[in-house]
Amino acid sequence: MVMARPEVHLTNTQEPETISPEHLLRLLEISGRLSSTLRLDELLDLVMHVAIDLTGTEAASILLLDNRTGKMYFAASTNQVITDEIEVPLDNSIAGWVVRNGRYQILSDVQTDDRHFSGIDEELEFVTRSMLAVPLIAHDQVLGALEVINKIDGSTTYSQQDVALMEALASQSAVAIMNARLFSQSDLLAEIMHEVKTPLMAITTASELLVRTDLPEEKHDELIGMIRRESKRLSKMTRDFLDFARLESGRQSIAQNPVDIRMVVSDVVHISNPQASERNIVIETTLDSNLPTVESAPYVIGDSDRLKQVLLNLVSNAVKYNRENGRVYIKTRLETDELQIGVEDTGAGIEPQDIEHLFERFYRIPGSESAEGTGLGLSVAKTIVEQHNGRIVVDSVVGKGTTFTIHLPLSHHKK
């Protein structure tokens, strides 16, 4: 269900100062970069750092409205701990007031303001003192808010010069954000349609052949089998595309609970064994004896189902691209501040020039294009791991095999 967008009022109560020639040149310089940056994550990062530079401030963040739910969330922050799973209420928050009213807010002492969303400060062990927040408005549509936090030049509050700079930057940024979103949607849609075309063509061709009266009887089962396979493939594509789109938009919910890694690995092995047995491939596990559980610190904090999805994808690929009678090894290693989960296969390995493209959406290694799949699995896996503040590393030796290693941070505190 599409939620109504919040009511906004696009007015300001006073005119900000005129921008100095020096700052005007800086804004003109950055304008070209904003308009030519079509990756949303890169664009938001650029906007934040320019805002910090222009206003002489400690931190910055960007909050965006979700068009479908009408809720607001952190889309980017110079504090990397803040993630897009954190929703900020439109009511009783400073950013919410800015979005609803379409006007900037200057606060010299944020802690005394009843609208301050103090939960973020407590989680980050960060003290917000002063703040300037301006709305991101494009074509009379409020997209969210841009905030700069804590002046570092000796001032206790933000000036009207800061307001002028931030409003000018926000105006340029909002248009660029809207363009990046539209580009991402159209680009992804074009790629999806290209990928869907192949199974649809196979289903259509098989269906047309089945109604022909001169078709040999022995071909019926073959064509019905093709329709079933391509229908399953199309169904999987649809699920992967929806999953990927939710992750790309930043609106895929990620739980924040202690994760039982032993249980995750056990479930993955159980699910993957039938696929492996078809090719006489054995899955072996070597688990660190000190693996954390949901009862013992340090914990892996995150989403068990999503991490299981990542590991399933890696193990499935390790089976799919392995040799007959091969081996898949799942190994865990506990370090001081992280948990490592490795998935190693005995397949043909990956050429160095292909490794750098593995996590790109729809990328397939040359020669494997006919293999079932959407080309989105590794891209989705990488995004999920990064949402857990982790990373994936790939090591491969041609002719011997490939190892994917997931690095997940450990926490001593339950959330």
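(A) Representation of the overall build of the protein chain. Helix and strand content of the protein chain: ten helices and 13 strands. Taken across its 415 residues, the protein chain has 47% of its residues classed as buried. Taking the contacts inside the protein chain whose residues are at least 6 apart along the sequence as the reference set, 68% of them involve residues at least 24 apart. When the accessible surface of the protein chain is summed, it comes to about 21300 Å², and 51% of that surface belongs to carbon and sulfur atoms.

(B) Fine view of the nonpolar core. Counting residues in hydrophobic clusters, the biggest one holds 46 residues, and the most contacted among them are Ile261, Val300, Leu311, Ile341, Phe404 and Ile406. Per-element tally for this core: the top contributor is helix 8 (residues 304-320), with seven residues. When neighbours within four sequence positions are excluded, isoleucine 341 is seen to be in contact with Ile261, Leu311, Ile330, Lys331, Thr332, Phe404, Thr405, Ile406 and Leu408. Membership of the second largest hydrophobic core comes to 36 residues, among which are Leu34, Leu54, Val134 and Ala180.

(C) Looking closely at a nonpolar patch on the surface. Together, Leu24, Leu25 and Leu28 make up an exposed nonpolar region whose accessible area comes to about 310 Å². Along the chain, leucine 24 turns up in helix 1 (residues 21-36).

(D) A look at the packing of aromatic side chains. Evaluation of the coordinates by the stated rule reveals one aromatic pair. Against the face of tyrosine 329 rests lysine 331, its NZ or CZ located 5.5 Å from the ring centre.

(E) Main features of helix 8. In this model helix 8 runs 24 Å from its N-terminal to its C-terminal C-alpha over 17 residues, within 8% of the 24 Å that 1.5 Å per residue would give. Regarding helix 8, the residues found buried are Arg306, Leu307, Lys308, Val310, Leu311, Asn313, Leu314, Val315, Asn317, Ala318 and Val319. Where helix 8 begins, the capping side chain belongs to aspartate 303, and its oxygen is found 3.1 Å from the backbone nitrogen of aspartate 305.

(F) Region of interest: the packing of helix 7 (residues 261-277) against helix 8. The contact between helix 7 and helix 8 brings their axes to 9 Å, and the two run at 35 degrees. As for the relative orientation of helix 7 and helix 8, their crossing is right-handed in sense. The residues of helix 8 that touch helix 7, namely those facing Val264, Val265, Asp267, Val268, Ile271, Ser272, Gln275 and Ala276, are Ser304, Leu307, Lys308, Leu311, Leu312, Val315, Ser316, Val319 and Lys320. Grouping the amino acids of the contact of helix 7 with helix 8 by side-chain chemistry returns ten nonpolar, four polar and three charged.

(G) Spotlight on the sheet that holds strand 4 (residues 105-107). The strand order across the open sheet built from six strands is 3-2-1-6-5-4, with neighbouring strands paired in antiparallel fashion. Where the open sheet ends on each side, the last strands, each with one partner, are strand 3 (87-88) and strand 4. In the packing of helix 2 (residues 40-55) onto the sheet, the strands contacted are strand 1 (57-65), strand 2 (72-77) and strand 6 (141-151), and the crossing angle to strand 1 comes to about 140 degrees. In this fold helix 3 (residues 94-101) packs onto strand 1, strand 2, strand 4, strand 5 (131-138) and strand 6, with an angle of close to 140 degrees to the strand it touches most, strand 6.

(H) Inspection of the packing of helix 1 against helix 2 at higher detail. Running from N to C, helix 1 and helix 2 point in directions that differ by 175 degrees, and their axes come no closer than 11 Å. One way to sum up the angle between helix 1 and helix 2 is to call them roughly antiparallel. Contact residues: His23, Arg26, Leu27, Ile30, Arg33 and Leu34 in helix 1; Leu43, Leu46, Val47, Val50, Asp53 and Leu54 in helix 2.

(I) A look at the sheet that holds strand 11 (residues 338-345). The strand order 8-10-11-13-12 describes an open sheet built from five strands, whose pairing is mixed. The open sheet terminates on both sides in strands that have one partner only, identified here as strand 8 (282-286) and strand 12 (391-397). Direction aside, the axes of adjacent strands within the sheet are offset by 15 degrees on average. Relative to strand 13 (residues 401-409), strand 12 is paired through seven bridges, and the arrangement is antiparallel. By the bridge assignment, valine 397 is partnered in strand 13 with glycine 401. In the packing of helix 7 onto the sheet, contacts are made with strand 8, strand 10 (327-334) and strand 11, and the angle to strand 8 comes to roughly 170 degrees. Packed onto the sheet, helix 8 meets strand 8, strand 10, strand 11 and strand 13 and runs at close to 25 degrees relative to strand 11.

(J) The arrangement of the pattern of salt bridges in detail. Summed over the entire model, instances satisfying the criterion amount to 14 salt bridges. For the salt bridge of arginine 100 with aspartate 91, the shortest nitrogen-to-oxygen distance reads 3.3 Å. The partly exposed category is assigned to arginine 100, whose relative accessible area is 25%. Here arginine 279 makes a salt bridge to glutamate 324, at a shortest N to O gap of 3.1 Å. Residue arginine 279 is located in the loop between helix 7 and strand 8, and its partner glutamate 324 is located in the loop between helix 8 and strand 10; the two are separated by 45 residues in the primary sequence.

(K) Spatial organisation of the side chain of serine 130. Examined against the element boundaries, serine 130 turns out to sit in the loop between helix 4 (118-124) and strand 5. Judged by its relative accessible area of 3%, serine 130 is buried. A distance of 3.2 Å separates the side chain of serine 130 from the backbone nitrogen of lysine 151, its partner in a polar contact. In this view, serine 130 contacts Leu107, Ser108, Val110, Val148, Ile149, Asn150, Lys151, Thr156 and Tyr158; residues no more than four positions away in its chain are not counted.

Scoring rules and cut-offs
- Residues numbered from 1 in each chain as written.
- Predicted model: local features only at pLDDT ≥ 70, side-chain atom pairs only at ≥ 80, totals over all residues.
- Heavy atoms only, no water.
- Helix = DSSP H or I, 4+ residues; strand = E, 2+ residues; numbered from the N terminus.
- Buried < 20%, exposed > 50% of the residue type's maximum accessible area, 1.4 Å probe, protein only.
- Contact = heavy atoms within 4.5 Å.
- Areas by Shrake-Rupley, 256 points an atom, 1.4 Å probe, with all protein chains shown as cover.
- Core = buried A, V, L, I, M, F, W, Y, C linked by side-chain atoms within 4.5 Å.
- Patch = residues over 30% accessible without salt bridge, like charges linked within 9 Å, V, L, I, M, F, W, Y side chains within 5 Å.
- Salt bridge = Lys/Arg side-chain N within 4 Å of Asp/Glu carboxyl O.
- Phe/Tyr/Trp six-rings, centres within 6.5 Å; stacked < 30°, edge-to-face > 60°.
- Lys NZ or Arg CZ within 6 Å of the ring centre and 35° of its normal.
- Expected span 1.5 Å × (residues − 1).
- Polar contact = N/O pair within 3.5 Å; in protein donor to acceptor, adjacent residues only side chain to side chain.
- Axes fitted to C-alpha atoms, helices over the stretch in contact; angles between N-to-C directions.
- Left-handed = near helix turned anticlockwise from the far one by under 90°.
- Nonpolar A, V, L, I, M, F, W, Y, C, P; charged D, E, K, R; others polar.
- Pairing = 2+ DSSP bridges.
- Parallel < 35°, antiparallel > 145°, perpendicular 65-115°, else oblique.

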